[in-house]
Amino acid sequence: MTDRSRPSLARVRSALTRCRLRIAFAVLVLLSAAVVASSASGGLSTASKAAVPAAPPTENHTVVTESGRAGTITAYGPSGEVRYYNNSRTKYFDVDPVESDPLTVEYTATDTIHTAGPTCSEPPCALNVIERADLETGEVEVLYERYDHQETAGEWHDVDRLNESHVVVADIVADQVFIVNTETEIVEWLWDAQSDFSLESGHSFPHDWAHINDVEHIERGAMAGRIMVSLRNQDQVVFLDRREGLLEDWTLGAENEYDVQYEQHNPDYIPESEGGPAVVVADSENGRIQEFQREDGEWNRTWEWEDDRIQWPRDADRLPNGNTLITDTHGNRVMEVNESGAIVWQVGSTLPYDAERLETGAESEGGQSAQELGLESRTVTDGGDTDASAFRPVEFVGRLLERVLPHRLTNALIFVAPVWIGKAEAAAIAVGLLSGLTWASLEIRWWLRGSSIRVRLPVTREHE
């Protein structure tokens, strides 16, 4: 081979390498586009009753609420059929059974309206309501309502009934917990988070500062009469006494201690009679369900659960049979896991917020603590993936992206995206964009290098 032929051979090899790279990038872009197109055309949507998927059979009724861009409340019968459906409100949040009627539920809901309300002079406003729905007749009764100015967050995510005329409300709008007589509409007791927490904590005051997203009146055990409250943006679950105020020694978690919990939702209290005191909670931004046991004046983690798909859980109820009912908002599903951690029941949902298994007591009322049941933790990192044998490239890339992007940022991006975009779809979009940008940058680099050679060669000949 002559010296003159070597540059030509190098150019051929370079051209072949470029062709292979172009083919590889084209395949990645096309595969990513196919994943996104498939999800966009056939993705789950529960915006209409006809589109709601049937559920697997269970022994009881199951109610699911959604608070995403399509607010819905759906009740499934024991055979899995849709027994009740309503999408008349913008968002639906926590739902509880009515004690005297097993097929009647109460829930909080919010309407975003664009006209002024009685206590909101400038639209848009948020109309927060407490409603009672009869799942057999479809009759809906408004028990209490209030108009609020729509700021960053203007909803009530939860109420808990004290008696026939009084409820305790988790008020995100004003960062307060209050007890109201729904018959007279008089607020008879109120706790303001500002009285015990610095305005430097949480998010930027006054815009969604504390985000009080859950409240529970404890009815049994040594803590009976107290109120458990979830301050999402302070990463804490606190306990209130109506006369003494905040019971600091009982606080679970601390702000920014994300290894304990990170912007949690829907904690449930389990009393001593069921193996407590214990709290089962959706550790939302950490993507897991966990339980803490009260021992020697401290909260100790006794159980946690996750799989490779869980993305943003916002509810977990311990059932009387020892299983746990979990709502995974960005996993687009509601599921029941057994005492071994395996999924034994699951139904798809666009952006579920809360789930309630009727005829089992409100939330975790009929369940026992993980310590009492002897539950073993099940996580992805310890090999407890529910489907570890199935390698799914897009979800694998999604997990890699989560190591690069903060989990909270991933959730925020999914929350504002179209409803059919989940973790896998976000990963596909990221892979497609990254591949396309890398391909484009290489093409520009190759073009510039080729232009440089073409410009330099004639100059060399002139000097010869």
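Because the structure is a prediction, the values reported are computed rather than measured.

(A) Representation of the sheet that holds strand β20 (residues 313-318). Overall, antiparallel pairing links the 4 strands, which are arranged β20-β21-β22-β23 in an open sheet. Looking at strand neighbours, the two that pair on one side only are β20 and β23 (343-348), the edges of this open sheet. The average angle at which neighbouring strand axes cross in this sheet is 15°, direction not considered. In this structure, strand β22 (residues 333-337) lies alongside β23, joined through 5 bridges in antiparallel fashion.

(B) Up close: the nonpolar core. In this structure, V177, W191, I212, I227, V229, L231 and L240 are the most contacted members of the largest nonpolar core, which totals 18 residues. Mapped onto this core, the elements with two or more residues apiece are β9 (166-171), β10 (176-181), β11 (186-192), β12 (212-217), β13 (227-231) and β14 (236-241). A per-element tally of this core places β13 first, with 3 residues. In this structure W191 touches D175, Q176, V177, D196, F197, I212, L231 and L240, once residues within four positions along its chain are discounted. Counting 15 residues, the second largest nonpolar core, distinct from the first, contains V63, I73, Y92 and V95.

(C) Expanded view of unusual backbone geometry. In this chain, F205 is followed by P206 through a cis amide linkage whose omega measures 5°. Counting through the fold element by element, P206 comes out in the loop between β11 and β12. In this structure, P277 follows G276 across a cis peptide bond, with omega equal to 5°. Inspection of the secondary structure puts P277 in the loop between β16 (265-270) and β17 (278-283). At D175, a position not held by glycine, the phi torsion is positive, near 55°. Note that D175 resides in the loop between β9 and β10. With relative accessibility at 3%, the residue D175 sits in the buried group.

(D) A look at the pairing of strand β6 (residues 125-134). For β6, a buried count of 10 out of 10 residues is recorded, marking the element as mostly surrounded by other parts of the structure. Covered by surrounding structure in β6 are C125, L127, V129, E131 and A133 together with A126, N128, I130, R132 and D134, the residues of both alternating faces. Across 10 bridges, the pairing between strand β5 (residues 101-113) and β6 is antiparallel. Pairing of T112 across the sheet is with A126, part of β6. In this structure, β6 lies alongside strand β7 (residues 140-149), joined through 9 bridges in antiparallel fashion. Along β7, the bridge assignment pairs L127 with Y147. Adjacent in sequence and paired antiparallel, β6 and β7 are bridged by 5 residues, among which G138 carries a positive phi angle near 85°.

(E) Representation of the packing of aromatic side chains. Applying the stated rule across the entire model yields 10 aromatic pairs. Between W156 and F178, the aromatic rings sit 5.9 Å apart at their centres with planes inclined by 75°, giving edge-to-face as the arrangement. Here the residue W156 occupies a position in strand β8 (residues 156-161), and F178 occupies one in strand β10, the gap between them amounting to 22 residues. Between F205 and W209 the ring centres are 5.7 Å apart and the planes differ by 85°, which places this aromatic pair in the edge-to-face class. Residue classification places F205 among the partly exposed residues on the basis of a relative accessible area of 32%. Judged by its relative accessible area of 0%, W209 is buried. By the ring-pair criterion, three or more aromatic residues cluster together here, those being F239, W250, Y269 and W299. The ring of W250 carries R294 above its face, with NZ or CZ at 4.2 Å from the centroid. Just above the ring of W312 sits the side chain of R314; from NZ or CZ to the centre is 4.3 Å.

Conventions used here
Throughout this document, residue positions are counted from 1 along each chain, in the order its sequence is written. Where local features are concerned, this predicted model is filtered to residues with pLDDT of at least 70; where side-chain atom pairs are given and counted, the filter is 80 or more; whole-chain, interface and lining totals use all residues. Side-chain calculation: all heavy atoms of the structure are included, whereas hydrogens and water are not. When DSSP finds at least two bridges between two strands, those strands are taken to pair. Only DSSP runs of H or I reaching four residues or more are called helices, and only runs of E reaching two or more are called strands; each is numbered from the N terminus. Every axis corresponds to a line fitted to the C-alpha atoms, with the helix fit spanning only the stretch in contact, and the corresponding angles, defined between N-to-C directions, vary from 0 to 180 degrees. Nonpolar cores are built from buried Ala, Val, Leu, Ile, Met, Phe, Trp, Tyr and Cys residues. Side-chain atoms within 4.5 Å join them into one set. Three labels apply to residues, based on accessible area from a 1.4 Å probe with only protein chains included: buried if under 20% of the type maximum, exposed if over 50%, partly exposed otherwise in between. Whether two residues are in contact is decided by their heavy atoms, any of which lying within 4.5 Å being enough. Each pair of aromatic rings taken from Phe, Tyr and Trp, with Trp reduced to its six-membered ring, is defined by centres within 6.5 Å and is described as stacked if the planes are under 30 degrees apart, edge-to-face if over 60, and tilted in the remaining cases. Lysine NZ or arginine CZ positioned within 6 Å of the ring centre and within 35 degrees of the ring normal marks a charge as sitting over the ring.

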